[in-house]
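For reference, the chains in residue letters:
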Amino acid sequence: MTKTSLNKKNLFQSILFLILSVCLFILANPNFLFNQGIGVLAWIYYIPVLFLINKCSYKTVWLAGGLFGFLFYAGYAYWLYNYGPVCFYFICIFYFIVYSFLFLILKYVDNKNVTYNWLLSCVVLAAFEYIKTLGFLGFNYGVTVYTQYKYTHLIQIADTIGPFGLNFIMIFCSCFYYNLLHKINLKKQYESEQDTNLDINQFNTHLNFLKAHEKQMKKLSIIPNIVIGIFFHILIVFVLVYGFRNKDYGASDSIKICAIQHNEDPESSDINAHILNFKSLYELTDLALEVDDNIDVIVWPETAIVPCIEYRYFRINNGPIPDEKEEKSINLVSNVLNYINRKNQLFVIGNNGMDFETAGDCETQSDFGKIYAYSNDALVFKSKENVIPPVPEKYKKMKLVPFTEGFPFSNVFPKIYEKLIDMYGYLYSPGTEYKVFNYNNLYFSTPICFEDTFSDVARNMYKAGARCLINITNDSWSKSSSCQNQHLAMAVFRSIENRIPSVRSAATGVTCVISEKGEIIQKAEEFTKDFIICDVNLINKNRKPTFYCSYGLMIEYALLVFAGVFLLIQIITDIIINIKGKHNGKKR
């Protein structure tokens, strides 16, 4: 075969592997074709990626990686376009760059003539998937393990090894089978070459040829793979056996919670739309109370009430009302408070918060009402106690969506910050405390929107005393079931990791209740006006935390350390070999 035809063959195979890789990654996750995804594909979807890297040269592998990252996130997170085209293009370009570097690292690892280089590839991939969840741009969407949220028995092990422990096992599966298939292919190629190679005189002696042949056959032997494979599949059996256990997670009693899904978009700036939102909320709440008047807690979604309740209430009797829109906002807030105060339930509602100067704090009357910070809040009201005047218990969202909600680098990049303010009007300030609320022994925290995609947020809430997560979410902007199911997939793991129930109230879905085992025990149909009523277990506050809750970062840090140390050792070894080679060359 000529060099040109060989290059064409490699190019064709590379394109084929690239397309196959992107398709497998998209299909394994909830997507536009299959709302819940085909999770089983995630166990093998790194196989074509590794073959792609093997086929590419250093000159082209970065491009293959960039195209993979761009196409994967374009197909997986296509719904970001509805949030904002700028966000969509930014994510696609960002992951083009990120995966370009990843593929270069994996090519370096794959290029080493080391028997177990595939194990290092496995560690690098697992460490990479954890790293991309960290920092300001941390993004859990697209992490392999979250494709498994429907396989309840399989993912129970997350209370011990966490999501990234199981994530490593899944990536190991892909890398193991890649190595097995690659070795079988190399062995076939080698045997074919030996059958057609008539010029064995290139060896000094026949004995040398036999020694080299024996060494190569030993290197290509699949016996080590079979041994490793046996232990790996025993591990999978153990994971499943662990998942089928029946265990008591410390529930002493239950409490009845109603989660409302009003199927509206709170993002609208039209005050009339906000008024209609409230109408839908109270009509659904009244209907739920007709169905069951023993409801203890009622949950409304993120920013269910858009005008800041505290600010508008204090404007009622302080100073002139500037315009008709503000007057309608004040009337809306007054109606909301009067409605809640007539009920006998605890209300958990999403609201845009403001820190402002009150009459007792400001130096002059003209300063009254001056706003100096905005926040995304969860407010907790108990009728006839803290409703009128509104003095709610509150949690301020701590993990803000990059750029659209928060930008912590205003001093370093003032022009970017000013541009964001021009685009969105204001950005939120993050909260500083993992707030825990208590109502009739229901100790709960309220992660807001994508905060329940982060293990560390839920773990810190548990450590602060929360024994239930009540998540309020607005994914209505996505206009996508796959987006909402991708979000749900991550929320399922938060319950398993800490062995506590979760209640989700989402504007358009997925509104549901998740048990301590990660089972979705009740769910509202997406994109409908609906509600769910469910008895939620009260977890004993003195119950011991899970292993993962106590030592959650051990596995994640181990992945980072192993990947960093092994790569560093390999790089140092290569440098030493190159120096020795140059030195020996000079001696000659």
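Bear in mind that the values here come from a model prediction, so they are computed numbers and not experimental data.

Asker: Any details on the overall build of the chain? Residues and values, ideally.
Answerer: The secondary structure content of the chain amounts to 17 helices and twelve strands. Burial statistics for the chain: of 588 residues in total, 52% are counted as buried. Within the chain, contacts between residues separated by at least 24 positions form 73% of all contacts whose residues are at least 6 apart in sequence. Accessible area for the chain stands at about 27500 Å²; split by element, carbon and sulfur atoms hold 60% of it.

Asker: Describe the environment of Met 170, and please don't skip the residues or the numbers.
Answerer: By secondary structure assignment, the location of Met 170 is in helix α7 (residues 158-196). Residues Met 170 and Ala 42 lie 128 residues apart in sequence; the distance between their C-alpha atoms is 7.5 Å. Beyond its immediate stretch of four places on either side in the chain, Met 170 contacts Ala 42, Trp 43, Thr 144, Val 145, Thr 147 and Gln 148.

Asker: Provide a residue-level description of the environment of Cys 258, including the pertinent values.
Answerer: Along the chain, Cys 258 turns up in strand β1 (residues 251-261). Judged by its relative accessible area of 1%, Cys 258 falls in the buried class. In this structure the C-alpha to C-alpha distance between Cys 258 and Val 299, which are 41 residues apart in sequence, comes to 6.2 Å. Ignoring sequence-local partners within four residues, the contact set of Cys 258 consists of Ala 288, Ile 295, Val 297, Ile 298, Val 299, Phe 531, Ile 532 and Ile 533.

Asker: So what about the packing of aromatic side chains? Which residues, and what values?
Answerer: Centre-to-centre distance and the angle between the planes together describe a pair of aromatic rings. For the structure shown, the criterion picks out 61 aromatic pairs. When the ring of Trp 79 is compared with that of Tyr 141, the centres are 5.5 Å apart and the planes differ by 55°; the resulting orientation is tilted. Taken together, the positions of Trp 79 in the loop between α3 (58-76) and α4 (80-83) and Tyr 141 in the loop between α6 (117-131) and α7 put the pair 62 residues apart, joining distant regions of the chain. Comparing Trp 79 with Tyr 141 shows no difference in burial state: the two are buried. Taking NZ or CZ as reference, Arg 245 lies 3.8 Å from the ring centre of Tyr 242, over its face.

Asker: How would you sum up the nonpolar core? Please name residues and give values.
Answerer: The biggest cluster of nonpolar side chains holds 126 residues, and the ones touching the most others in it are Phe 68, Tyr 99, Phe 103, Ile 257, Val 297 and Phe 444. For Phe 68, the contacting residues outside a window of four places in its chain are Leu 18, Ser 21, Val 22, Phe 25, Val 49, Tyr 99 and Phe 103. With 27 residues, the next largest nonpolar core counts Ala 288, Ile 298, Trp 300 and Phe 347 among its residues.

Asker: So what's going on with the state of the cysteines? Which residues, and what values?
Answerer: Considering all chains together, one arrives at zero disulfides under this definition. Left without a disulfide partner, Cys 483 is nearest to the cysteine sulfur of Cys 449, which lies 8.5 Å away.

Asker: Give a detailed account of the sheet that holds β1, specifying residues and quantitative values.
Answerer: Taken together, six strands build an open sheet; the order of strands is β5-β4-β3-β2-β1-β12 and the sheet is mixed. Only two strands of the sheet have a single neighbouring strand rather than two, namely β5 (393-396) and β12 (530-539). Taking each pair of neighbouring strands and ignoring which way they run, the sheet shows an average axis angle of 35°. Across the sheet, helix α10 (residues 271-291) touches β1, β2 (297-299), β3 (346-356) and β12, and the angle it forms with β12 is around 60°.

Asker: Tell me about a nonpolar patch on the surface, residues and numbers included.
Answerer: A grouping of Tyr 58, Trp 62, Leu 63, Leu 67, Leu 71, Tyr 81, Tyr 89, Ile 93, Ile 97, Phe 101 and Leu 104 is seen on the molecular surface, where their side chains present a nonpolar patch of about 1000 Å² in accessible area. If you list the elements that add at least two residues to the nonpolar patch, you get α3 and α5 (85-110). Within the secondary structure layout, Tyr 81 lies in helix α4. For Tyr 81, a relative accessible area of 41% puts it in the partly exposed group.

Asker: Describe the pattern of salt bridges, and please don't skip the residues or the numbers.
Answerer: Under the definition given, this model contains 13 salt bridges. In this structure, Arg 499 engages Asp 159 in a salt bridge whose closest nitrogen and oxygen atoms are separated by 3.1 Å. Taken together, the residues span a long stretch of sequence, with Arg 499 in the loop between α15 (481-498) and β9 (502-506) and Asp 159 in helix α7 at a distance of 340 residues. A relative accessible area of 5% places Asp 159 in the buried class. Linking Glu 324 and Lys 328 is a salt bridge whose minimum nitrogen-to-oxygen distance equals 3.8 Å. Taken together, the positions of Glu 324 and Lys 328, both in helix α12 (residues 324-342) and four residues apart, correspond to about one turn of that helix.

Asker: Describe in detail the environment of Lys 523, supporting the description with residues and values.
Answerer: Along the polypeptide, Lys 523 turns up in strand β11 (residues 520-523). Sequence separation between Lys 523 and Cys 534 is eleven residues, and the spatial gap between their C-alpha atoms is 9.9 Å. Residues contacting Lys 523, with those up to four places away along its chain left out, are Gln 36, Asn 485, Val 510, Thr 511, Cys 512 and Ile 532.

Asker: Can you break down the sheet that holds β9 residue by residue, with the values?
Answerer: As summarised here, the arrangement of the six strands in space is β6-β7-β8-β9-β10-β11, forming an open sheet in which the pairing is mixed. Here the strands that pair on one side only, and so sit at the sheet edges, are β6 (437-439) and β11. Direction aside, neighbouring strands of the sheet carry axes that sit 20° apart on average. Direction of pairing for strand β8 (residues 468-473) relative to β9: parallel, over a ladder of five bridges. Paired with Ile 472 across the two strands is Ser 505, which belongs to β9.

How each quantity is defined
Throughout, a residue's number is its position along its own chain's written sequence, starting from 1. Only residues with pLDDT of at least 70 are given local features in this predicted model, and only at 80 or more are side-chain atom pairs given and counted; all residues enter the totals for whole chains, interfaces and linings. Just so you know, side-chain values use all the structure's heavy atoms and leave hydrogens and water out. Secondary structure elements follow DSSP: runs of H or I of four or more residues count as helices, runs of E of two or more count as strands, with numbering from the N terminus. Relative accessibility under 20% of the residue-type maximum defines a buried residue, over 50% an exposed one, and the middle range a partly exposed one, all with a 1.4 Å probe and only protein chains included. Two residues qualify as a contact provided that any one of their heavy atoms is within 4.5 Å of a heavy atom in the partner residue. Using a 1.4 Å probe, accessible areas were evaluated by the Shrake-Rupley method; residue-level cover was limited to the displayed protein chains. In this scheme Phe, Tyr and Trp rings, the latter by its six-membered ring, pair at centre separations within 6.5 Å, and the angle between planes marks the pair as stacked below 30 degrees, edge-to-face above 60, and tilted otherwise. The criterion for a charge sitting over a ring is simple: Lys NZ or Arg CZ within 6 Å of the ring centre, and within 35 degrees of the ring normal. The set of buried Ala, Val, Leu, Ile, Met, Phe, Trp, Tyr and Cys residues whose side-chain atoms join them within 4.5 Å is what this entry labels a nonpolar core. Our working definition of a disulfide is a cysteine sulfur pair at a distance within 2.5 Å. Strands were regarded as paired on the criterion that DSSP finds at least two bridges between them. A fitted line through C-alpha atoms represents every axis, and for helices the fit uses only the stretch in contact; the resulting angles, taken between N-to-C directions, go from 0 to 180 degrees. Residues forming no salt bridge and having over 30% relative accessible area are the ones grouped into patches, like charges within 9 Å of each other and nonpolar side chains (Val, Leu, Ile, Met, Phe, Trp, Tyr) within 5 Å. Salt bridges are identified by distance alone: a Lys or Arg side-chain nitrogen within 4 Å of an Asp or Glu carboxyl oxygen.

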